[in-house]
Amino acid sequence: MLIAFYSVQAKAQIFIDDGTSGSLYIVGTASGTLASVETVPANVAVYVDSTITIEGTYVNTAAEVQLTGSMYNSGTFTTTGDEVFVGSNTQIISGSFTGVNDFYNVIVKKDVGAVLKLGSVVEVDASGVVSLDQGVLQAVSSNYIYVKNNDPAAILNSGNNGDVDKLIEGEVRRSVAQGFSYDFPVGGTHVDAGGGDGLQFASIKSNIGSGVISAIFHDSTGVGALDNIVICGTGDFQDVQYRVGNGSWEITNPGGGITNYNITLNPADYTDNAYTSYTILKDGAATGRDKCDGVAKSLPVEHDSLTSFSLFEVAASTVTVLPVELVNFKASLTDQLSVLLEWQTASEINNDYFAVERSGNGMNWVTLGKVKGAGNSSEVLRYTFKDQNPIGKAYYRLKQTDMDGQFNYSSIRHVSIPYLEINQLNIYPNPVFNQITVEGAISGGEYFKIFNVLGDDVTHLTKANLNNDAQLIIDVSNLNSGFYVIKLGDLVRRVCKE
């Protein structure tokens, strides 16, 4: 029979089985054989049990077309339905399947481990999906599959990390929108000198910009291995001792448009040699943040705020990595009669906050306040905290707490303020507005003195009345706002005038 135009409607039932040549040609002058196939499900519109070569026009209007053979197009390919690739044999898609000839839904529904090869570049419509129900989608040579749909769910039913099924071997490209995370189920399944360890999970989130992201997983002994990478040394973010997994991820941004992104990697099929920390290594980057950032205590590991694209690997260490590398911590008395605490960090891993603690004897500690940490950083960061109400003899320390609640203490610093060490006075209110009451072992008002932060005696600006030997009322309404020291004999106390 002659087929000049081939059109499939959603409710049609047509079974094509050419047992003679194994090929079906849809052209203006050639012919094909129509026959029934008993094993075809009732909801399948067309079942092609042979190679299908399109030289004329192919139209699939929202129908399901199942194919056990290869597909080649040199004509016009139009579809808004499902092209489902089934069976245990290796199938090949080749020819023109880009632009107006792109697929709508590509469904890989083959036997376990069976392969659907891309012999040419294949594009999937901006409203379509790729569903990895079973089998492997393999892009050979420089070919790739490009999913134009920027919905994060446009690639469905991929396997679990390490599975040798339901994955894409070779290059996959995805349209990505800013602010969303996209999974790339890339990996290797072939058995040869390069290995092939199944699905090697990768996820990418664009922080700034939209565009196209490309991801490929390379076997460690194959093209793209990071043979020239400089492993982090003791002066960098952490000591990296081992490469984890058997390959590398090549992440690129064809066409540009994405200037800041996060990457999450999870290598499969490796031996855990009592690793305590993991990091992502970026090829060709300077030492520091772009070399060994994104340290995690377990896999997967994330590297945030990347600004360039490259090859990546995951490495690990058995060296215990402290959450925070504290450069220095000091405590000093200020002119304002407060204690200034200052510290610096050279690096931070999942750092939530610092709690500033004080003790009068070095054993019993109270928390004065908290300072928010930076989370993750490999830059030198500076922090400060003021103890506005110090005591005569004080010990200070930092309690650094990371995101999962684990914590570490800093070394202890000591500050002495002699005129506050003898403190048997009860002064209230403090802060004070107009009048302050001093209670304690008072022997006479003539011993009363008050000094400003510069050490000037400003007693003449106040008035004091001694009610009895245990209570002194002082009028401080003429004093300016600020801190003052009240001295009564050998007893000293600091107050704040508002």
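Colleague: Kindly report on the sheet that holds strand 26 (residues 260-266), identifying the contributing residues and their values.
Modeller: Paired through backbone hydrogen bonds, the strands of a sheet run either parallel or antiparallel to each other. Read across the sheet, four strands follow the order 20-23-26-28 without closing on themselves; strand pairing throughout is antiparallel. Edge strands, defined here as strands with exactly one partner in the open sheet, are strand 20 (181-184) and strand 28 (301-306). Between one strand axis and the next, the sheet turns through 20 degrees on average, direction left out of account. Pairing of strand 26 with strand 28 involves four bridges; the strand directions are antiparallel. Within the sheet, the bridge partner assigned to Ile 263 lies in strand 28 and is His 303.

Colleague: Please give an account of the side chain of Asp 352 that cites residues and values.
Modeller: Among the secondary structure elements, Asp 352 is positioned in strand 31 (residues 339-359). In this structure, Asp 352 is in contact with Lys 372, Gly 373, Thr 401, Asp 402 and Met 403, ignoring residues within four places of it in sequence.

Colleague: Requested: an account of the environment of Ser 206, with residues and values cited.
Modeller: By secondary structure assignment, the location of Ser 206 is in strand 23 (residues 201-208). Separated by 100 residues in the primary sequence, Ser 206 and Leu 306 have C-alpha atoms spaced 9.5 Å apart. Excluding its chain neighbours within four sequence positions, the residues that come into contact with Ser 206 are Ala 177, Gln 178, Gly 179, Phe 180, Ile 258, Asn 260 and Tyr 261. Of the polar contacts made by the side chain of Ser 206, one reaches the backbone oxygen of Ile 208; its length is 3.4 Å.

Colleague: Give me unusual backbone geometry: which residues, what numbers.
Modeller: Omega for the bond connecting Asn 430 with Pro 431 falls within 30 degrees of zero, at 15 degrees, which places this linkage in the cis form. Along the chain, Pro 431 turns up in the loop between strand 37 (426-428) and strand 38 (435-439). Positive phi values are uncommon outside glycine, yet Ala 62 reaches one of about 60 degrees. Residue placement: Ala 62 occurs in the loop between strand 6 (57-60) and strand 7 (64-67).

Colleague: So what's going on with the pattern of salt bridges? Residues and values would help.
Modeller: Pairs can form between side chains of opposite charge once their charged atoms are near each other. Counted under the stated rule, the structure contains eight salt bridges. The closest approach of N and O atoms between Lys 148 and Glu 123, which form a salt bridge, is 3.0 Å. Here the residue Lys 148 occupies a position in the loop between strand 16 (144-147) and strand 17 (155-156), and Glu 123 occupies one in strand 14 (residues 122-134), the gap between them amounting to 25 residues. In this structure Glu 123 comes out as buried when scored by relative accessible area, which is 13%.

Colleague: Describe in detail the packing of aromatic side chains, supporting the description with residues and values.
Modeller: Enumeration over the complete set of coordinates arrives at twelve aromatic pairs. Their ring planes at 55 degrees and their centres at 4.9 Å tell us that Phe 77 and Phe 103 sit as a pair that is tilted. Of this pair, Phe 77 sits in strand 9 (residues 76-79) while Phe 103 is found in strand 12 (residues 103-110), placing the two residues 26 residues apart along the sequence. Given the relative accessible area of 0%, Phe 77 is considered buried. Taking the relative accessible area as the measure of exposure, Phe 103 reaches 0% and is therefore buried. Aromatic ring contacts, followed pair by pair, group Tyr 58, Phe 77, Phe 85, Phe 97 and Phe 103 into a single cluster. For the cation-ring pair, Lys 370 lies above Tyr 353, with the distance from its terminal atom to the ring centre recorded as 4.5 Å. A cation over an aromatic ring shows up here: Lys 399 above the ring of Phe 407, its NZ or CZ 4.3 Å from the ring centre.

Colleague: Describe the pairing of strand 23, listing the residues and the values that go with them.
Modeller: Inspection of the sheet shows strand 20 paired to strand 23 by four bridges, in the antiparallel sense. Paired with Ser 181 across the two strands is Lys 205, which belongs to strand 23. Where strand 23 meets strand 26, seven bridges bridge the pair, whose relative direction is antiparallel. The residue bridging Ile 208 from the neighbouring strand is Asn 260, located in strand 26.

Calculation criteria
Residues numbered from 1 in each chain as written. Predicted model: local features only at pLDDT ≥ 70, side-chain atom pairs only at ≥ 80, totals over all residues. Heavy atoms only, no water. Pairing = 2+ DSSP bridges. Helix = DSSP H or I, 4+ residues; strand = E, 2+ residues; numbered from the N terminus. Axes fitted to C-alpha atoms, helices over the stretch in contact; angles between N-to-C directions. Contact = heavy atoms within 4.5 Å. Polar contact = N/O pair within 3.5 Å; in protein donor to acceptor, adjacent residues only side chain to side chain. Salt bridge = Lys/Arg side-chain N within 4 Å of Asp/Glu carboxyl O. Buried < 20%, exposed > 50% of the residue type's maximum accessible area, 1.4 Å probe, protein only. Phe/Tyr/Trp six-rings, centres within 6.5 Å; stacked < 30°, edge-to-face > 60°. Lys NZ or Arg CZ within 6 Å of the ring centre and 35° of its normal.

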